[in-house]
Amino acid sequence: MKTDASVLYAFRLLFPRTGKKSNARRSLTGAFLCIAVSLIPLVMIMSVSNGMVKGMTDRMIGLSSSHLCAVLHPDIDEAQSAYSLENAALHFSEAEGVLNVYPEVQSTALAASSVLRTGACVRAVENDIFSKNKAFSTLFDVVESESGIDSASDIVLEEGKNAVIGSKIAQLLNLHAGDDIRLITTRILSSNKIVPKVTKFHISAIVSSGYQELDALWVFIPLKTGYSILPLRTSQIMIGAEIEDPFSYKLDQTLELMENIAPPFTRIYRWNELNVSQYENFSSTQIMLLFIMLLIVLVASVNISSALVMLVMERRKEIAILKSLGASPSGITFSFLVTGMVTGFLGVFTGIPIGLLCAVNFEKLLSVIEKLLTLLKKIFFVLQGLEPSLAGELHILDPAFYLQKIPLSIPLGQLIIIALGTLVLSLAASAVPAVKAGREKPIESLRKL
């Protein structure tokens, strides 16, 4: 039995000319639909989770830890003033591979308004950090601005008591652009007595990175002002360094070069060392989701095996006649393998595009689902005799822990692997019934029929 004849017979198994009802073909259709339906959430979750993890990681690296972070001891000369810290940063910029450096003093304080108080992470940075740092200019959105600034790259921290705060802390303290915020820090007297120090800052802008868990308590002030109000002993004095690609092998090379020119008592960290817990959490969650989805695809592929078993039982007479006419067992086996492979291919060809379409419109789908769940919750409250307004809105992805705007990242390489893996599973599921069809003995089959 030639290959083209086997392929033709497989085509007739899938698309027969007669309109005769067949339970086996219904099972094949069901198997194809199961594979397609199982691939839709897999592709959607992969695209959305990749975009989510990439967005969070970019914000952690670009806005918080930088690619490399040199932490200076507060007692060394390079850490004693804004001028000396900026000179130390310029020294690091001479290392090969370093594109930009960002000196910073970071400390905690108590932020207060006329209404409430809350903890704050005070970041004393260069005046032009929002335009100098590409991550600041692209990942920050201006929520409010005193001078009508729309782009973060246009924000300039003026010298003196001027501040830019995060949207979450502004919401907590009921503050707006143009208001004043008080920062309560500590200072040490000559008698070693610690006393509080209150400094009033004028809010020039309110910004948000779209990731509240990261920027919820950030307050940006000028670097020189930070040296005048922040206690160096309890502050973190650092210099962030930016390279071309934080995920490349050159990160370690640049780290070694920076260590060679670093002042004494200085420790340099990679971004993945500073964010190890968050990054591993993202990776493990993503792997677990993919594992669960792949199990669903595996179960769906097994349906092909049961459908082919039914098809072999229905086609016993045809198989016996073909063998009587000289068809080889390998040719019959190949026909049923092709049948299973085509079923899997149709599932892949249908499921992946629909999954990508759902991923592109994920936020709209999520909004519809959240509204539906909120409506069901209100109906439940009404049935329980409660006021429906008490139900509140349901959020599947809480913006306090996830990105407010989910970027889409289509993993083409992973999609190819999934498609090939699904086809391999379809082939493996088809193997047993296909071999059984090839071993059918025509005399016994005709005698039974």
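About the thresholds
Residues numbered from 1 in each chain as written. Predicted model: local features only at pLDDT ≥ 70, side-chain atom pairs only at ≥ 80, totals over all residues. Heavy atoms only, no water. Helix = DSSP H or I, 4+ residues; strand = E, 2+ residues; numbered from the N terminus. Rg over C-alpha atoms; globule rule 2.2 N^0.38 Å. Buried < 20%, exposed > 50% of the residue type's maximum accessible area, 1.4 Å probe, protein only. Contact = heavy atoms within 4.5 Å. Lys, Arg positive; Asp, Glu negative; His and termini not counted. Charge placed at Lys NZ, Arg CZ, Asp CG, Glu CD. Phe/Tyr/Trp six-rings, centres within 6.5 Å; stacked < 30°, edge-to-face > 60°. Core = buried A, V, L, I, M, F, W, Y, C linked by side-chain atoms within 4.5 Å. Salt bridge = Lys/Arg side-chain N within 4 Å of Asp/Glu carboxyl O. Axes fitted to C-alpha atoms, helices over the stretch in contact; angles between N-to-C directions. Parallel < 35°, antiparallel > 145°, perpendicular 65-115°, else oblique. Left-handed = near helix turned anticlockwise from the far one by under 90°. Nonpolar A, V, L, I, M, F, W, Y, C, P; charged D, E, K, R; others polar. Expected span 1.5 Å × (residues − 1). 1 Å grid on protein atoms, 1.4 Å probe; cavity = no way out; pocket = protein on both sides within 12 Å on 5 of 7 lines; lining within 4 Å. Points joined across faces, edges and corners; volume = space filled by probe spheres on them. Patch = residues over 30% accessible without salt bridge, like charges linked within 9 Å, V, L, I, M, F, W, Y side chains within 5 Å. Areas by Shrake-Rupley, 256 points an atom, 1.4 Å probe, with all protein chains shown as cover. Pairing = 2+ DSSP bridges.

**Q** Honestly, the overall build of the chain in this entry has me stumped. Any pointers?
**A** When you go through the chain residue by residue, the secondary structure sums to 16 helices and ten strands. Taking 2.2 N^0.38 as the reference for a compact globule, 449 residues should give roughly 22 Å; the C-alpha atoms of the chain span a radius of gyration of 32 Å, well beyond that estimate. Taking the principal axes of the C-alpha coordinates as reference, the chain spans close to 110 × 65 × 40 Å. With 449 residues in all, the chain has 45% of them scored as buried. Expressed as a percentage of contacts within the chain between residues at least 6 apart in sequence, the contacts between residues at least 24 apart total 79%. With 39 positive and 39 negative side-chain charges, the chain shows a separation of 19 Å between the mean positions of the two kinds.

**Q** Hey, could you run me through the packing of aromatic side chains in this one?
**A** For any pair of aromatic rings, geometry is given as the distance between the ring centres together with the angle between the planes. Within this structure, the stated rule accounts for ten aromatic pairs. With 5.7 Å between their ring centres and 50° between their planes, F130 and F140 make a pair best called tilted. A residue pair is termed long-range when its members are at least 10 positions apart, and F130 in helix α4 (residues 129–132) and F140 in the loop between α5 (134–139) and β4 (141–145) qualify at ten residues. Here the two residues F130 and F140 agree in accessibility, since each one is buried.

**Q** Where do I start with the nonpolar core in this structure?
**A** Nonpolar side chains tend to gather and get buried jointly when the protein is soluble and globular. Core analysis: the largest hydrophobic core is formed by 47 residues, its most contacted members being I165, I221 and I239. Setting aside anything within four residues of it in sequence, one finds I165 in contact with A170, L175, I181, I203, A205, I206, V207, W218 and V219. Of all hydrophobic cores here, the second largest spans 35 residues; its members include I40, V48, F136 and L139.

**Q** Sorry if this is basic, but what is going on with the pattern of salt bridges here?
**A** Any two side chains of opposite charge can pair, given that their charged atoms come close. In this structure the tally under the stated criterion is six salt bridges. Ionic pairing is found between R233 and D75, a salt bridge with its closest N-O pair at 3.1 Å. One end of the pair, R233, is in the loop between α8 (223–229) and β9 (236–242); the other, D75, is in the loop between β1 (68–72) and α3 (82–93), and 158 residues separate them in sequence. R233 gets classed as exposed once you look at its relative accessible area, which sits at 59%. Where E104 meets R123, a salt bridge forms, and the shortest distance between an N and an O atom there is 2.7 Å.

**Q** How should I be thinking about the packing of helix α1 (residues 3–14) against helix α13 (residues 329–360) in this particular structure?
**A** Helix-helix packing is described using two parameters, namely the angle between the two axes and the distance between the axes. Running from N to C, α1 and α13 point in directions that differ by 50°, and their axes come no closer than 8 Å. Relative to α13, α1 is oriented oblique. For the element pair α1 and α13, the recorded crossing hand is right-handed. For the pair α1 and α13, the contacting residues are T3, S6, V7, Y9, A10, L13 and L14 in the first and G331, F334, S335, F336, V338, T339, V342 and T343 in the second. Tallied by class, the residues present in the contact of α1 with α13 amount to nine nonpolar, six polar and no charged.

**Q** Honestly, helix α15 (residues 412–438) in this entry has me stumped. Any pointers?
**A** Three or four residues apart is the spacing at which side chains of an α-helix point the same way, because the helix has 3.6 residues per turn. Here α15 is 27 residues long and its end C-alpha atoms lie 38 Å apart, about the 39 Å a rise of 1.5 Å per residue gives. When we look at burial in α15, the residues that qualify are L415, I418, A419, T422, L423, S426, A429, S430, P433, A434, A437 and G438.

**Q** I tried to follow the environment of L356 on my own but got confused; where do I start?
**A** With respect to the helices and strands, the residue L356 is situated in helix α13. Residues L356 and I45 lie 311 residues apart in sequence; the distance between their C-alpha atoms is 9.8 Å. Ignoring any residue separated from it by four or fewer positions in sequence, one finds L356 in contact with V43, S47, I410 and L415.

**Q** Would you mind going over empty space enclosed by the protein with me for this structure?
**A** Unoccupied space between atoms shows up once a probe the size of one water molecule is rolled over them. Inspection of every chain in the model, using the stated rule, returns one cavity of 30 Å³ or more. The space that makes up the largest cavity amounts to roughly 130 Å³. Residue lining of the largest cavity: 16 residues in total, with S64, S66, Y102, E104 and R123 positioned closest to the centre. Elements represented by at least two residues in the lining of the largest cavity include exactly α2 (23–65), β2 (100–112), β3 (117–125) and β9. Residues belonging to the lining of the largest cavity are distributed by class as follows: eight nonpolar, six polar and two charged.

**Q** Looking at this structure, how should I read unusual backbone geometry?
**A** One non-glycine residue, S66, lies in the positive phi region at around 60°. Here S66 shows up in the loop between α2 and β1. Residue F265 is not a glycine yet carries a positive backbone phi of 60°. Within the fold, F265 resides in the loop between α9 (250–261) and β10 (266–270). Using a relative accessible area of 66% as the deciding quantity, one classes F265 as exposed.

**Q** Sorry if this is basic, but what is going on with a nonpolar patch on the surface here?
**A** Residues I369, L372, L373, L375, L376, I379, L383 and L394 make up a contiguous nonpolar surface patch of roughly 730 Å² in combined accessible area. If you trace the backbone, L383 turns up in helix α14 (residues 362–383). Residue L383 is classed as exposed on the basis of its relative accessible area of 69%.

**Q** Got a minute to help me understand the environment of A163 in this structure?
**A** The residue A163 is located in strand β5 (residues 162–166) in this model. Exposure remark for A163: the relative accessible area of 0% places this residue in the buried category. Taking C-alpha positions, A163 is 47 Å from V382, a pair spaced 219 residues apart along the chain. The residues contacting A163, other than those within four sequence positions of it, are L157, F201, H202, I203, S204, A205, V219, F220 and I221.

**Q** How do you make sense of the pairing of strand β8 (residues 218–222) when you look at a structure like this?
**A** Counting buried positions over the five residues of β8 gives five, a clear majority of the element. In this sheet, β8 lies alongside β3 in parallel orientation, the contact comprising five bridges. What sits directly across from A124, in β8, is I221. Of the strand pairs in this sheet, β5 and β8 are connected by two bridges, and their pairing is antiparallel. Looking at the pairing, I165 lines up with V219 of β8.

These figures come from the coordinates and say nothing about function on their own.
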